Amino acid sequence: QVQLVQSGGGLVQAGGSLRLSCAASTSILSIYAMGWYRQAPGEQREMVARTNGDRTTNYADSVKGRFTISSDNAKNTVYLQMNSLKPEDTAVYYCAAQPVPQAGWNYWGQGTQVIVSS
């Protein structure tokens, strides 16, 4: 069982920056993949960024060059640095953990609201 506790988020003007944090209850080195998803009102949840088992990263096309996923293994924490924010980035953001390659995204954080004003 992995517990994920998120922090960060809030209200920011377009062009601004925010950093989201996701603290895991276990060593993130033992977790195959960590990721960030978001869900806007009336929309499906979508992947924003993820780290893979081979430590590569993937980003949604809409956030490439603006968002960066990183981790601090000593703190068991994954971050999502969001720069050049746009109103269309407004959503509830969730961190997620895929414990092993054969599993899905079995563990989710509580979600945090990000609102980007124009």
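Above this text sits the structure in question.
The rules behind these values
Residues numbered from 1 in each chain as written. Predicted model: local features only at pLDDT ≥ 70, side-chain atom pairs only at ≥ 80, totals over all residues. Heavy atoms only, no water. Helix = DSSP H or I, 4+ residues; strand = E, 2+ residues; numbered from the N terminus. Rg over C-alpha atoms; globule rule 2.2 N^0.38 Å. Buried < 20%, exposed > 50% of the residue type's maximum accessible area, 1.4 Å probe, protein only. Contact = heavy atoms within 4.5 Å. Salt bridge = Lys/Arg side-chain N within 4 Å of Asp/Glu carboxyl O. Phe/Tyr/Trp six-rings, centres within 6.5 Å; stacked < 30°, edge-to-face > 60°. Pairing = 2+ DSSP bridges. Axes fitted to C-alpha atoms, helices over the stretch in contact; angles between N-to-C directions.

Peer 1: Looking at this structure, how should I read the overall build of the protein chain?
Peer 2: Counting its regular elements, the protein chain contains zero helices and 11 strands. Mapped in sequence order, the helices and strands of the protein chain form the string β-β-β-β-β-β-β-β-β-β-β. For 118 residues, the compact-globule estimate of 2.2 N^0.38 gives 13 Å, and the protein chain sits close to it at 13 Å. Each of the three principal axes of the protein chain carries a C-alpha extent, and together these read 40 × 30 × 25 Å. Sorting the 118 residues of the protein chain into buried and exposed places 43% on the buried side. In the protein chain, 54% of the contacts between residues at least 6 apart in sequence involve partners at least 24 apart.

Peer 1: What should I look at first to understand the pattern of salt bridges in this one?
Peer 2: In a structure, side chains of opposite charge can pair up when their charged atoms sit close to one another. In the structure shown here, the tally under the stated rule is four salt bridges. In this structure, Arg38 and Asp89 form a salt bridge, with 2.9 Å as the shortest nitrogen-oxygen distance. Residue Arg38 is located in strand 4 (residues 33–39), and its partner Asp89 is located in the loop between strand 8 (77–82) and strand 9 (91–98); the two are separated by 51 residues in the primary sequence. Neither Arg38 nor Asp89 differs from the other in exposure class; each is buried. Taking the shortest distance from any N to any O, the salt bridge between Asp89 and Arg66 comes out at 2.7 Å. In this pair, Asp89 is assigned in the loop between strand 8 and strand 9 and Arg66 in the loop between strand 6 (57–59) and strand 7 (67–72), connecting sequence segments 23 residues apart. Using a relative accessible area of 10% as the deciding quantity, one classes Arg66 as buried. Three or more residues are tied together by salt bridges with common partners; here these are Arg38, Glu46, Arg66 and Asp89.

Peer 1: Is there a simple way to think about the packing of aromatic side chains in this case?
Peer 2: Pairs of aromatic rings are described using the distance from one ring centre to the other and the angle between the two planes. On inspection of all chains with the given rule, the structure shows three aromatic pairs. Centre to centre, the rings of Tyr37 and Trp105 are 5.6 Å apart; their planes meet at 70°, and the pair counts as edge-to-face. Placement of the pair is Tyr37 in strand 4 and Trp105 in the loop between strand 9 and strand 10 (107–108), with a sequence separation of 68 residues. Here the two residues Tyr37 and Trp105 agree in accessibility, since each one is buried. Aromatic side chains Tyr37 and Trp108 sit 5.1 Å apart centroid to centroid with 65° between the ring planes, which places their arrangement in the edge-to-face category.

Peer 1: Would you mind going over the sheet that holds strand 8 with me for this structure?
Peer 2: Paired through backbone hydrogen bonds, the strands of a sheet run either parallel or antiparallel to each other. Strands sit in the order 1-3-8-7 across an open sheet of four strands; the sheet is antiparallel. Two strands lie at the open edges of the sheet, namely strand 1 (4–8) and strand 7, each paired on one side alone. Ignoring strand direction, the axes of neighbouring strands in this sheet form an average angle of 20°. Bridge count for strand 3 (residues 18–24) against strand 8 is six bridges, and the pairing is antiparallel. Note on strand 8: the bridge partner recorded for Ser21 is Tyr79.

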